[in-house]
Structure formats: C-alpha cells, structure tokens
Amino acid sequence: MAAVENPLLQDFIFPPYDVIEPNHICPSIETLLIELEKDLDELENTVEPTWPGLVVPLEKIIDRLSVVWGIVNHLNSVKDCPQLRAAIQLVQPKKVGFQLKLRQSKLIYKAFKAIRDSPDWENLSDARKRVVDLKLKEAVLYGVSLEDTSKERFNEIEQELEKLAQQFEENILDATKSFEKVITNKKELEGLPLTTLSITAKTAIDKGYENATAEDGPWIITLDGPVYRSVLQHACNRSLREEIFRAYVTRASDGPLNNTAIIERVLELRLEKAKLLGFKNYAEVSLEMKMATFDKANDLIYKLHKVSWDSAIHDLEELRDYARENGAQEANDLNQWDINFWSERLRESRYDFDEEELRPYFPLPKVMEGLFNLTKKLFEVDIEPADGTAPVWNKDVSFYKVKDSSSAPIAYFYFDPYSRPSEKRGGAWVDLVVGRSGVCSSDSTRPRLPITNMVCNLTPPTRDKPSLMTIREVEAVFHEFGHALQHLLTKQDEGLVSGNQGIEWDAVEIPSLFMENWCYQRETILGIAKHYESGEPLPENTCLRILRARTFRAGTLLLRQLRYASVDLELHSTYIPGGVESIYDVDQEIGKRTHPIPLLPEDRFLCSFSHIFADKYAAGYYSYQWAEVLSADAFSAFEEAGLDNDQSLKEMGRKFRETILALGGGKAPNEVFLEFRGREPTPDAFLRYNGLLHTIAAT
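Residues numbered from 1 in each chain as written. Predicted model: local features only at pLDDT ≥ 70, side-chain atom pairs only at ≥ 80, totals over all residues. Heavy atoms only, no water.

Draft legend 1. Fine view of the environment of Glu523. In this structure, Glu523 sits in helix α18 (residues 522-528). A sequence separation of 320 residues divides Glu523 from Thr203, and the C-alpha atoms of the two residues are 37 Å apart. (Helix = DSSP H or I, 4+ residues; strand = E, 2+ residues; numbered from the N terminus.)

Draft legend 2. Molecular detail of the pattern of salt bridges. In this structure the tally under the stated criterion is 63 salt bridges. Between Arg345 and Glu348 there is a salt bridge, and its shortest N-O distance comes to 2.9 Å. Of this pair, Arg345 and Glu348 both sit in helix α13 (residues 336-351), three residues apart, roughly one helical turn. The same class applies to Arg345 and to Glu348, which are both buried. Note that Arg472 and Glu475 form a salt bridge whose closest N and O atoms lie 3.6 Å from each other. A residue pair is termed a helical-turn pair when its members lie 3 or 4 positions apart in one helix, as Arg472 and Glu475 do in helix α16 (residues 471-488) at three residues. Owing to a relative accessible area of 35%, Arg472 belongs among the partly exposed residues under this scheme. We classify Glu475 as buried; its relative accessible area is 16%. (Salt bridge = Lys/Arg side-chain N within 4 Å of Asp/Glu carboxyl O. Buried < 20%, exposed > 50% of the residue type's maximum accessible area, 1.4 Å probe, protein only.)

Draft legend 3. Highlighting the packing of aromatic side chains. Summed over all chains, the structure comprises 40 aromatic pairs. Residues Phe372 and Phe481 carry aromatic rings whose centres are separated by 5.9 Å and whose planes lie at 50 degrees to one another, so their mutual orientation is tilted. Taken together, the residues Phe372 in helix α15 (residues 364-379) and Phe481 in helix α16 connect sequence positions 109 residues apart. A relative accessible area of 10% places Phe372 in the buried class. Accessibility expressed as a relative area gives 0% for Phe481, which makes it buried. Ring pairs connect the aromatic residues Phe379, Phe514, Trp518, Phe635, Phe638, Phe656, Phe676 and Tyr689, which therefore count as one cluster. Lying over the aromatic face of Tyr248, Arg251 brings its terminal NZ or CZ to 4.0 Å of the ring centre. Sitting over the face of the ring of Tyr282, Arg270 holds its NZ or CZ atom 5.4 Å from the ring centroid. (Phe/Tyr/Trp six-rings, centres within 6.5 Å; stacked < 30°, edge-to-face > 60°. Lys NZ or Arg CZ within 6 Å of the ring centre and 35° of its normal.)

Draft legend 4. Structural context of unusual backbone geometry. The peptide bond linking Gly217 to Pro218 adopts the cis configuration, its omega dihedral lying at -5 degrees. Locating Pro218 in the fold gives a position in the loop between α7 (194-206) and β2 (219-221). Positive phi outside glycine occurs at Ala252, with the angle close to 55 degrees. Relative to the assigned elements, Ala252 resides in the loop between α9 (238-249) and α10 (260-276). Owing to a relative accessible area of 3%, Ala252 belongs among the buried residues under this scheme.

Draft legend 5. Expanded view of the side chain of Ser28. Within the secondary structure, Ser28 is located in helix α1 (residues 22-46). Not counting residues up to four positions away in its chain, the partners in contact with Ser28 are Asn6, Leu8 and Leu9. (Contact = heavy atoms within 4.5 Å.)

Draft legend 6. Quick peek at empty space enclosed by the protein. One pass over the full model with this rule turns up four cavities of 30 Å³ or more. Its boundaries defined by the atoms lining it, the largest cavity holds a volume of some 110 Å³. Surrounding the largest cavity, 13 residues form its lining, Gln486, Ile503, Ile660, Pro669 and Val672 being those nearest its centre. Listed by contribution, the elements that provide at least two residues to the lining of the largest cavity are α17 (510-517), α24 (646-661) and α25 (669-677). For the lining of the largest cavity, the element with the highest residue contribution is α25, accounting for three residues. In the lining of the largest cavity, the residues fall into nine nonpolar, three polar and one charged. (1 Å grid on protein atoms, 1.4 Å probe; cavity = no way out; pocket = protein on both sides within 12 Å on 5 of 7 lines; lining within 4 Å. Points joined across faces, edges and corners; volume = space filled by probe spheres on them. Nonpolar A, V, L, I, M, F, W, Y, C, P; charged D, E, K, R; others polar.)

The values are spatial; any link to function lies outside them.
Spelled out as structure tokens, the structure:
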C-alpha cells in the first residue's frame, strides 16, 4: 500500500478515524519506523548538548511515533476486531524495538548529562530542567547503562511484557463478551429497573431475538458494566445475583482466556527487570517516577485503613440489621452478592431517594451542558460542539472545541460516551491524540493545540430516551473530564512535559478527583439535573438528600480501594513468583484485612485487574488515594473562598488553572500544589468528605 494512500501516514490536524482500517496499520508503522530510524541515526551523528541540537529533534521523533501508535492503540480500545489484533501483534515488536533503541541511546544520554552538568544549567526554565531530569531518569530505567547480555535480556523482557499486556486486555474483553444468560421469565428479573430491561432486551435483539421487548423479553444478561452493576444493586433474585457476581469475579480465570499464567509471568519478568537495573524489586523501579516513596505509600494505606475499618464494620452491621428487619432469609449470612442489593435498599430508606428514579433528571446532554457551564465559571473557557469538524470512529462520538475568553480555540476533544461491549473495552479513560507543543507546531507563531479522547461506558440511550444516568455515572464523566482538562488547559509549550506528560504518576489523578467533588455541590447538581421530558429541575429537597448520602458506606468503599492498592504493592515487592504462595493467597490474605465479609475462595479479580497488569499503575495503584488527599485539600480551598461567591470562585478557579492545570509536568507536583495552596497538603478535607473525621477522634 503506497504511503500516499495510507491515512495514518498523511499529514492531518485531526486523525482520519473514519477511514483507518486494520490493513493500514502494518504498512504505516513499518514505513514510519524506517523513517524514524533514519532520523535517530541523524540525531546521533549530529547531536549537540543544546536545546536545538538535542531536544528539538528528539521531541519530533518521539511525537511522530506516539501520535500514530496512539491512534492505533485507541482504535484497539474502542473498535476491537480480530484483524486489528493481528495487525498490532505483527508490528508491536518492531515498535518496542525502536523505542528501546531510542531510550537506550548512549549518545543522547551523554548529551542530556552534558546539559545537566553545563554552567548554563541554572539559566534553563523549570520546564526544561524537568525535561532533562526526566529523560536522564527514564534512560536509566530503560537500561541505558546495561551492556551485552544484560542489555539483550532486558530488551527481551520489554518485548515480552508488551505482548503479555496486550493479551491480558484481550482476554478480559473476550471473557466478558463470552458470558450471556438468556432469561424468558420476567419474575426472575424482579426489581430490575426499566433502563436495564431495555438494555438487555436490546442485547437480545442484537443476538437474533427480533421481537424482544423491555416488557415481555426475552432478556440477555451480560457482564457489561451497566448491566452487571444494576443486577447486583436491584435484582431481588438472589441466585441471579450470585451467578452474575461469581461470573464477574472469575472473568478470564479459566480455559484458553485464563490470565493466571500471564500474571505470574508478568511478575516474574518485572522482578528480573528490576534486578537487572540494580533494584531489589519492581516496586522500587516504579516508585522512581512517583512522588511517594515505598514507605510513604504503605504508610498512607495503613493510616487510611486505620480510620476506615471500624466504619466498615459498622456499615455491615447496619446492613444485617436492615435485612433482618425486612425479613431477608440471608440476613445472618450476607455474602458478597448481597451487599450492593441491601446497601441500595438501605440508602433508599434512609435518604428517601431511589437512584434509578433519579435517572430521568440526569440525561447526558444536560449533564454535559452543566459540566461545560461549570468549567466556564471556574476556568473562563467556552466549550462548544464542533461535530463535523473532525472524523470520528463511531456515530455516537461527539467532538468539541475549547475556546478561551477571547474566543480563540485552545484545544479540542472527542467524547465516546456509551458502552459497546462487542468492541469496546470496559472502564473509562482519557488519552492524548496530540499534546500542546511549540516544537511540533506546523505554525511557527503559535504552539500546536492539544487534542484528547475522552471515553466512558455509560448507559446507552434507548429508542425513545437519551442516555439517562445514575449519580455514579455523572461522577465518572466529571472524573474523566478532569483528566481531559489537564491536557486541554495546559499552557506548557515544552511538548515533553505538557498536559500530564512528565507528571509523577501518583499526581495525575489530582484534577480528575478534584472535579468529582463538584458533583456533590448543590449549585452543580441543580445546574445539571433537569428532567429529560419536562425540563423540570430536580426538587431542592431531593438534591439535599443526595448530598447527605455522599458519605454512605464511605469506609467500606475506601477499604475496597485499599485492597487493590495493597495487593498491587505486595505483589511487586515481597511476593516471590513461582514460590510457595500464589497470587491468590496474597489477595485472600489482604482481603481479610480489607473486607469484613471474606472474599470468595474462588475470587479471581486479579485476572481482570488491568490497571496493574496492562496499564501504567503497576506498584502505583495507591496513586488514587495519594491524589485523593491532595485533590480534596485543593477543593477545600474553593470552600474556604466561598462556594456561593462567584467572584471568589472565579479567582480561585483561575489560580487552579494557572497551576495544577497549566504547568503540566514542567514543575514537580509538590511544588505546583504548594504554589496553588500556599502550604503543604493535609488529609483533613479528604477525611471530612468521606465522613471519617469522627473515627480519628475515636482512635
């Protein structure tokens, strides 16, 4: 296929998502790598320890590969198919090989060291100093100091790890898709809301049951997020809840899709890699690029566990009492599949609102409108639809333009909102299409503008209704938009540290968790909650009940996160792959400390824990809690300024934008936080928002 015909190799501002096919991938990546090999050779032959002689050409090489491979990777996440998988499998080793050659270049490393040691070092900007320091550290962690057989083995490990991560993710997607339960008797679905009945009937139609309806069925229950959560929360049929729960926590744990051996191999390779680099374990490698040390991460987990355990025990006793009062046979023997069901019933009783009945007040278009209004209020930017400006990969994808106060465009983003279990992986994420950059701009008078993808798996619309969301789904949209904002509102022109690039990984969740807090402010809720048919606002008293319910079972939910963080750190520090203890033994032992009701012996959640086995959170899942403390403290600054004072909010929003959002990785996150807050962070706001301050007084 000629390069001129390949959309991935053409010059574009917005990727030609609508015409990229799997057969474009191999020729485009192979052609691109040949070109980049030449560019790298030229750089090494002419390299000088100056910004124009080193960083400018290096950034162009890195950017070209990250943009094209980023498009491929994105399509792999949202348009999965066998042909796409096969293409990636073919070219991935070549891509990894080039990245290793680039990161292990001794000539480039020596040039960065020369800049670091030069008398002009102090004259560099903070951002340029960060670029140099990060590139030096990255080179060491990617084996620049290794020689001969050690280097060869390191590179073999990197190749295998990349391949295993891809396989791990594919197995989860395939295992999730493989589960289907056809139900023809509506009594078995008692308690399920109409939204879920509509989704499961639509699935049945897609599977060949042409006459399926929400009212009469048949219905197909899957493990897709919106369906799984709804069954666990609302199905009166306990045996159905148990079946779905067991299927979910054992995904990708048996047969040809079993991820157990992959996990073992990943842990084994990561440990070997760490030792090649001179570290005791992989956690030490990971934490080289974090704010926290190993001891500080563990200390945070310990302290949060201490303040949440008693609260979680109290939560469980309340559930048992409530189930008993309501004549539940399982009251004295509550199991994992009962918790969400009885929690939802207790919340409905205590706070007098039903999350499902509130869905009509949270149609996605109104939620987005309210989110954009809040963004304008805080950060003085306008966000407007720009559908048709850029090609998209699915008809449900929206495209938006971000404009500053002078109406000049400063960024763009795509939004892919709905669940598509047949081709789209679960969860929610934001990834970069292109970052802000002075070097990579086609216009020498201004930087290239950032473009991001924002992807969720929300409840899809039905034939006669838009996507009607739960509070939790609203929270997920705000969370992902926080990630997007760090890219969209960056003012950093050094492309290697713009947006969240170059930010220590335990700080990247600060903007996302910060935005979640706005979901629980009266003005925000009333600004987004409008009935999709009548336009009537959410009643004030219902809004207040939602706010009061914010801390409901917060201790239990925090403990669940601490389980994930603890098992992650332990598997990457003290665990011995191939030893007497299995990965599941580790998880079960930690489960005793984090789950008042023991984990099922056959729980295989680790087999779908893609955050640490197929993403960037290995020995870093604690980052959510670390960043949540910082984000809550940041949000409390807005409370102190006065949430009902528009002028104060605008001033504080400008300060947040100019620091947390604008500086990117161009400044150390602890310095950025200090610049915004004027002091070191404290955990008080985090504990208060989670209703856990009282537990400190009791300990």
